Amino acid sequence: MLSLPESKINDLFELIGSKENLYIPQTTKAGTADFALWQKGAKLSKALKTVRSAKDFFFPKTENLVNLRLEGKHVSVEDPRKELQDFVVFGVRACDAASFKIVDAVYLNMDPVDSYYKNRREHGTIITLACTAPADTCFCHAYKIDAAEPGADVSAWLADGNYYFKANTPKGESLIQSVSSLLTEAEDAPVKKQQEETRAKCASTPFANIDLSKWNGKDMLKIFNSPVWDKMYESCLGCGTCTYVCPTCMCFDIRDFDTGNGVKQFRCWDSCMYSDFTQMAAANPRLTQKERFRQRFMHKLVYYPMAHEDVFQCVGCGRCLESCPIHMNIVKVIKAYNELAETDGGKA
């Protein structure tokens, strides 16, 4: 394992930033943290997590897909993509690192492969940073995500005043080699101690051991038809905030814009909470807020696991708990269904 004194982390950033674009969590004007391009003088935020996840680097909020240029009766197709520069993202937490695998399963491991997403994934190198003090809203432990061993291209830990690094992939090894002049060999005892402490804290957060056993494809119709949805949806505003802060939401809409001499086609994030989501010529297949509300949580907890070897489409980052204006979230939905299932003898 390699180490670097905490006091020299800016030296590491400067060395990486001199070779390729580097993004680190930085404090925003609102006092929160978000990923931003490193520039000399930039300071690493000490916040536990960023407002939005690192998913944005691979699946941006808006993206120009194709341009169509009209010249008389001739239509030419232009690919607006330019060759991406390699880039590095530092400080990604284990929950967000786990979310990449969930999005990869749809955009990389299914046919056809999303070439836009694939291009960004190939150019990006991820340095994760293990958690040391999870928040009460964190529940990655419930999904068996190890916040103390975050994975990705390079894993990093902050312990006893030093950063420790371990390369996990060829991209990670290449990055570590490029900054080896700053790093020294070190024993991993401080990291192991920190890991034990972190795991104990994660296991004791309020929702760490929430029961997910009742959410499975075998009971899909029972869950779908449960009366729990009749009450849970009523307070939902349908604002979509939960979908925009979620690291595993990956739905998008495609729109065409007339430029006067052609068309620019964009895709942008969309939300299953919106009334025009997946709207077709006839109508929206989900006409009520209850149906849209149910769809979101059924997909996270039932549909996605059914299609992807029982992997839930949630990583327990807690962002939806923190951002919902009426305090509705996936934890409340899980608990409400579990309680109804128990009181009704499994007939919920």
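Observations concerning the sheet that holds strand S1 (residues 2-5)
Then comes step 1: Ordered in space as S3-S2-S6-S7-S8-S9-S1-S10, the eight strands form an open sheet in which the pairing is mixed. Because the sheet does not close on itself, it has two edges, and the strands there are strand S3 (33-37) and strand S10 (184-185).
Then comes step 2: Two strands pair when backbone bridges link them, and strand S2 (residues 21-27) and strand S6 (residues 87-92) are joined in this way by three bridges, in the parallel orientation. Counted as the bridge partner of Asn21 is Phe87 from S6.

Regarding the environment of Gly124
Then comes step 1: Within the secondary structure, Gly124 is located in strand S7 (residues 124-129).
Then comes step 2: Overall, Gly124 belongs to the buried group, its relative accessible area being 0%.
Then comes step 3: In this structure the C-alpha to C-alpha distance between Gly124 and Val88, which are 36 residues apart in sequence, comes to 5.7 Å.

Thoughts on the pattern of salt bridges
Then comes step 1: Summed over all chains, the structure comprises 23 salt bridges.
Then comes step 2: Among the ionic pairs, Arg52 bridges to Asp34, the shortest N-O distance being 3.9 Å. Here the residue Arg52 occupies a position in the loop between S3 and strand S4 (62-71), and Asp34 occupies one in strand S3, the gap between them amounting to 18 residues.
Then comes step 3: Residue Arg52 is classed as partly exposed on the basis of its relative accessible area of 28%.
Then comes step 4: Overall, Asp34 belongs to the buried group, its relative accessible area being 17%.
Then comes step 5: Note that Arg267 is salt-bridged to Asp114, the shortest N-O span being 2.8 Å. One end of the pair, Arg267, is in strand S12 (residues 262-269); the other, Asp114, is in the loop between helix H2 (94-107) and helix H3 (115-123), and 153 residues separate them in sequence.
Then comes step 6: Note on Asp114: relative accessible area 14%, which makes it buried.
Then comes step 7: Several salt bridges converge on common partners, so that one network encompasses Asp34, Arg52, Asp56 and Lys61.

Points about empty space enclosed by the protein
Then comes step 1: This structure, assessed with the given rule, holds seven cavities of 30 Å³ or more.
Then comes step 2: The volume enclosed by the largest cavity comes to roughly 150 Å³.
Then comes step 3: Lining the largest cavity we find 18 residues, and of these Cys236, Cys242, Met273, Cys324 and Met328 sit closest to its centre.
Then comes step 4: Counting residues per element, the ones that place at least two in the lining of the largest cavity are helix H8 (241-245) and helix H9 (289-307).
Then comes step 5: Take the lining of the largest cavity: its biggest share by element is three residues, from H9.
Then comes step 6: For the lining of the largest cavity, the class distribution of residues is 13 nonpolar, four polar and one charged.
Then comes step 7: Taken as a whole, the second largest cavity encloses approximately 120 Å³ of empty space.
Then comes step 8: Lining of the second largest cavity is provided by 18 residues; of these, Cys246, Arg296, Cys314, Cys317 and Cys320 occupy positions nearest its centre.

Rules used throughout
- Residues numbered from 1 in each chain as written.
- Predicted model: local features only at pLDDT ≥ 70, side-chain atom pairs only at ≥ 80, totals over all residues.
- Heavy atoms only, no water.
- Pairing = 2+ DSSP bridges.
- Helix = DSSP H or I, 4+ residues; strand = E, 2+ residues; numbered from the N terminus.
- Buried < 20%, exposed > 50% of the residue type's maximum accessible area, 1.4 Å probe, protein only.
- Salt bridge = Lys/Arg side-chain N within 4 Å of Asp/Glu carboxyl O.
- 1 Å grid on protein atoms, 1.4 Å probe; cavity = no way out; pocket = protein on both sides within 12 Å on 5 of 7 lines; lining within 4 Å.
- Points joined across faces, edges and corners; volume = space filled by probe spheres on them.
- Nonpolar A, V, L, I, M, F, W, Y, C, P; charged D, E, K, R; others polar.

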